[in-house]
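Structural overview for review
Chain residues, written in single-letter form:
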Amino acid sequence: MTAWTSAADASSFPLAYVLGFIVLGGLAAGALAMTIIRIARSRKPRDEQMMLLAAQLDGRYQVCVRMMEIGLTREDLRRVAHGRGYALIEHRFAKYYEFVRYPGRP
């Protein structure tokens, strides 16, 4: 019985490695694709980025944007946020900007 269990373990052992390799490869490819997309977004012209950010600030109470996706300065971010009735909160540790709607603004 020991020979049978070791034979069964030996046949399933490479399959587990192959499946693990496929899953980890897929995750790595997905992470790389997302990074490329975020970098491409941050390299758009300043005016286009400001228009895209203004479109995201569409009246929701809270909007979060990754720092990697935006290549604007803090002054530009604040200008767009205040123009739309939002306050800007910068989360440096988690690397994202949070836009929160002012309580008194419609």
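The structure we're discussing is the one just above.
Residues numbered from 1 in each chain as written. Predicted model: local features only at pLDDT ≥ 70, side-chain atom pairs only at ≥ 80, totals over all residues. Heavy atoms only, no water.

1. Here we look at the overall build of the protein chain
Assigned secondary structure in the protein chain consists of three helices and three strands. Taken from N to C terminus, the helices and strands of the protein chain fall in the order α-α-β-α-β-β. Each of the 106 residues in the protein chain was classed as buried or not, and the buried ones make up 23%. Contacts spanning at least 24 positions in sequence make up 50% of the contacts within the protein chain whose residues lie at least 6 apart. Element-wise, carbon and sulfur atoms account for 66% of the exposed surface of the protein chain, whose accessible area totals about 7800 Å². (Helix = DSSP H or I, 4+ residues; strand = E, 2+ residues; numbered from the N terminus. Buried < 20%, exposed > 50% of the residue type's maximum accessible area, 1.4 Å probe, protein only. Contact = heavy atoms within 4.5 Å. Areas by Shrake-Rupley, 256 points an atom, 1.4 Å probe, with all protein chains shown as cover.)

2. Examining the environment of Met 68
Along the chain, Met 68 turns up in the loop between β1 (62-66) and α3 (74-83). As for Met 68 and Lys 95, which are separated by 27 residues in sequence, their C-alpha atoms are 7.8 Å apart.

3. Topic: the pattern of salt bridges
As enumerated under the stated definition, the model contains seven salt bridges in all. With a closest N to O distance of 3.5 Å, Glu 90 and Arg 92 form a salt bridge. Relative accessible area serves as the criterion here: at 57%, Arg 92 is assigned to the exposed category. In the salt-bridge network here, residues are joined through shared partners; they are Arg 46, Asp 47, Asp 76 and Arg 79. (Salt bridge = Lys/Arg side-chain N within 4 Å of Asp/Glu carboxyl O.)

4. Some points on the sheet that holds β1
The strand order β1-β3-β2 describes an open sheet built from three strands, whose pairing is antiparallel. The sheet terminates laterally at β1 and β2 (86-91), the two strands that pair on one side only. For this sheet, the mean inter-axis angle between neighbouring strands, taken without regard to orientation, is 20°. Both β2 and strand β3 (residues 96-101) contribute to a ladder of six bridges, which runs antiparallel. Considered in β3, the bridge of Leu 88 is made with Phe 99. Taken strand by strand, α3 contacts β2 and β3, and its axis lies near 145° from that of β2. (Pairing = 2+ DSSP bridges. Axes fitted to C-alpha atoms, helices over the stretch in contact; angles between N-to-C directions.)

5. Things to note about the packing of helix α2 (residues 46-56) against α3
Running from N to C, α2 and α3 cross one another at 40°; their axes reach a closest spacing of 10 Å. Taken together, the axes of α2 and α3 are oblique relative to one another. In the crossing of α2 with α3, the sense of the turn from one axis to the other is right-handed. Residues Arg 46, Met 50, Leu 53 and Ala 54 of α2 touch α3, and the partners they reach there are Asp 76, Leu 77, Arg 79 and Val 80. Among the residues forming the contact of α2 with α3, the class breakdown is five nonpolar, no polar and three charged. (Parallel < 35°, antiparallel > 145°, perpendicular 65-115°, else oblique. Left-handed = near helix turned anticlockwise from the far one by under 90°. Nonpolar A, V, L, I, M, F, W, Y, C, P; charged D, E, K, R; others polar.)

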